[in-house]
Structure formats: C-alpha cells, structure tokens
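An overview of the molecular structure
Listed below, chain by chain, are the residues.
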Amino acid sequence: MRIGFGYDIHRLVSGKKLILGGVKIPFEKGLSGHSDADVLLHAISDALLGAMGLGDLGKYFPDTDEQYKGISSIFILRRVLILLREKGYRLISIDSTVITEEPLLAPYIEKMKETIAGEIRTEGVGINIKAKRNEGLGSIGRGEGIAAYAVCLIKKSSK
C-alpha cells in the first residue's frame with residue numbers, strides 16, 4: 001500500500017465561478033487559476049500522483065500550457081485516474097479537508113462526494129470531505145482564498 005498527500009490553494013476573485021469537488025457553489029467570488037481552480041480536486045489529484053511517485057500536477061498540467069487553460073478539474077482527475085489504473089493501482093480511500101471562511105460548504109459536501117465517486121467508478125472506495133474555517137487567521141481567514149489538503153491510500157491491483 002502507498003500513501004499520497006496533496007495540497008492546493010487559490011485566490012478568490014470576482015467574476016469567476018466557484019467550483020469545489022466538481023460542484024458549482026453559489027458565491028459572489030470564484031477561484032483564480034489556469035484551470036477552473038478547483039482546489040479540492042487538485043489536492044486529490046496531487047495526492048494520487050504522489051502516492052504513485054509520479055510528481056505533481058504541474059508536471060502533467062503545466063500552467064504555462066495553453067491547452068489546459070480553463071479546463072475542468074474533473075478532466076484532470078480523470079487523467080490521473082487513468083494513470084493510476086495504467087500503473088496497476090487501485091484507490092482504497094481519500095480523506096480531504098477544504099479550508100475557507102465562506103461560503104459554508106456543509107450543504108454541498110455530499111454532492112462533492114457523489115461527484116468524485118462517480119469519477120472513480122469503483123465500489124468500496126472511502127471518500128471523506130471535511131470543511132474547516134481558519135477562524136479569521138491568515139489570508140484564508142481574511143477571505144482572500146481557499147485551500148484544500150488530501151491524503152489517499154492506494155494498493156497494487158491483484159489481477
């Protein structure tokens with residue numbers, strides 16, 4: 001078994017949609033980034049790449065490459081899951097935390113889990129998503145951005 005850890009953070013800006021865990025969240029700001037800036041899916045994808053020892057998202061989806069400008073992070077997750085299967089691994093579990101002062105994410109957590117599970121398409125994978133506040137501390141506490149952390153457990157597939 002192998003463990004991977006992922007992290008991502010993006011600035012909140014006006015005029016962008018807020019997408020977290022593949023779910024559009026109604027909010028007056030969204031996350032700035034080269035893709036749709038879904039910090040949760042980026043952290044999960046990075047954790048999967050790390051568990052496989054394959055580097056990070058920047059290696060596969062560089063923000064200097066125009067072909068990835070504005071892409072959905074669901075696309076990124078799908079590509080990473082293809083790599084996971086090609087390398088002979090199966091996903092056991094994901095545990096993640098999104099840190100934001102607002103918006104309140106509790107009403108959207110189950111939909112995020114369903115969206116991610118729909119992409120994984122494997123029974124029995126544990127998916128956990130937690131939402132935390134920074135209690136007014138730092139850039140996240142001031143409402144300047146949103147961050148996410150994720151860990152995953154993968155195992156070599158038995159064929």
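Residues numbered from 1 in each chain as written. Predicted model: local features only at pLDDT ≥ 70, side-chain atom pairs only at ≥ 80, totals over all residues. Heavy atoms only, no water.

This paragraph deals with the environment of Thr 97. Looking at where Thr 97 falls in the secondary structure, it is placed in strand E5 (residues 89–99). On a C-alpha basis, the gap between Thr 97 and Ile 129 in space is 5.7 Å, while along the polypeptide they are 32 residues apart. Sequence-distant contacts of Thr 97, that is, excluding residues within four places in its chain, are made with Lys 130, Lys 132, Ala 147, Ala 148 and Tyr 149. A polar side-chain atom of Thr 97 sits 3.4 Å from a polar atom in the side chain of Lys 130. (Helix = DSSP H or I, 4+ residues; strand = E, 2+ residues; numbered from the N terminus. Contact = heavy atoms within 4.5 Å. Polar contact = N/O pair within 3.5 Å; in protein donor to acceptor, adjacent residues only side chain to side chain.)

Bringing the packing of helix H3 (residues 73–86) against helix H4 (residues 109–120) into the picture now. It is at 10 Å that the axes of H3 and H4 come closest, and there the two elements cross at 40°. Looking at the two axes, H3 sits oblique to H4. Between H3 and H4 the crossing geometry is right-handed. Residues Ile 74, Leu 77, Arg 78, Leu 81 and Arg 85 of H3 form the contact with H4, whose own contacting residues are Thr 115, Glu 119 and Ile 120. Taken together, the residues that form the contact of H3 with H4 break down as four nonpolar, one polar and three charged. (Axes fitted to C-alpha atoms, helices over the stretch in contact; angles between N-to-C directions. Parallel < 35°, antiparallel > 145°, perpendicular 65-115°, else oblique. Left-handed = near helix turned anticlockwise from the far one by under 90°. Nonpolar A, V, L, I, M, F, W, Y, C, P; charged D, E, K, R; others polar.)

Next up on the list: the confidence of the model for the protein chain. Looking at the protein chain as a whole, the pLDDT averages 94, with 99% of positions reaching at least 70. Within the protein chain, the lowest mean pLDDT, 90, falls on helix H2 (residues 57–60), and the highest, 98, falls on helix H1 (residues 39–52). (pLDDT = per-residue confidence, 0-100.)

Next up on the list: unusual backbone geometry. Between Glu 102 and the following residue, Pro 103, the backbone shows a cis peptide bond with an omega angle of 10°. Positive phi is not limited to glycine here, since Glu 135 has a value of about 55°.

Okay, a nonpolar patch on the surface next. Taken together, Ile 3, Phe 5, Tyr 7, Ile 9, Tyr 149 and Val 151 make up a surface patch of nonpolar side chains, about 570 Å² in accessible area. Secondary-structure elements contributing two or more residues to the nonpolar patch are strand E1 (2–14) and strand E7 (145–156). Here the nonpolar patch takes four residues from E1, the largest share from any one element. Along the chain, Tyr 149 turns up in strand E7. (Patch = residues over 30% accessible without salt bridge, like charges linked within 9 Å, V, L, I, M, F, W, Y side chains within 5 Å. Areas by Shrake-Rupley, 256 points an atom, 1.4 Å probe, with all protein chains shown as cover. Salt bridge = Lys/Arg side-chain N within 4 Å of Asp/Glu carboxyl O.)

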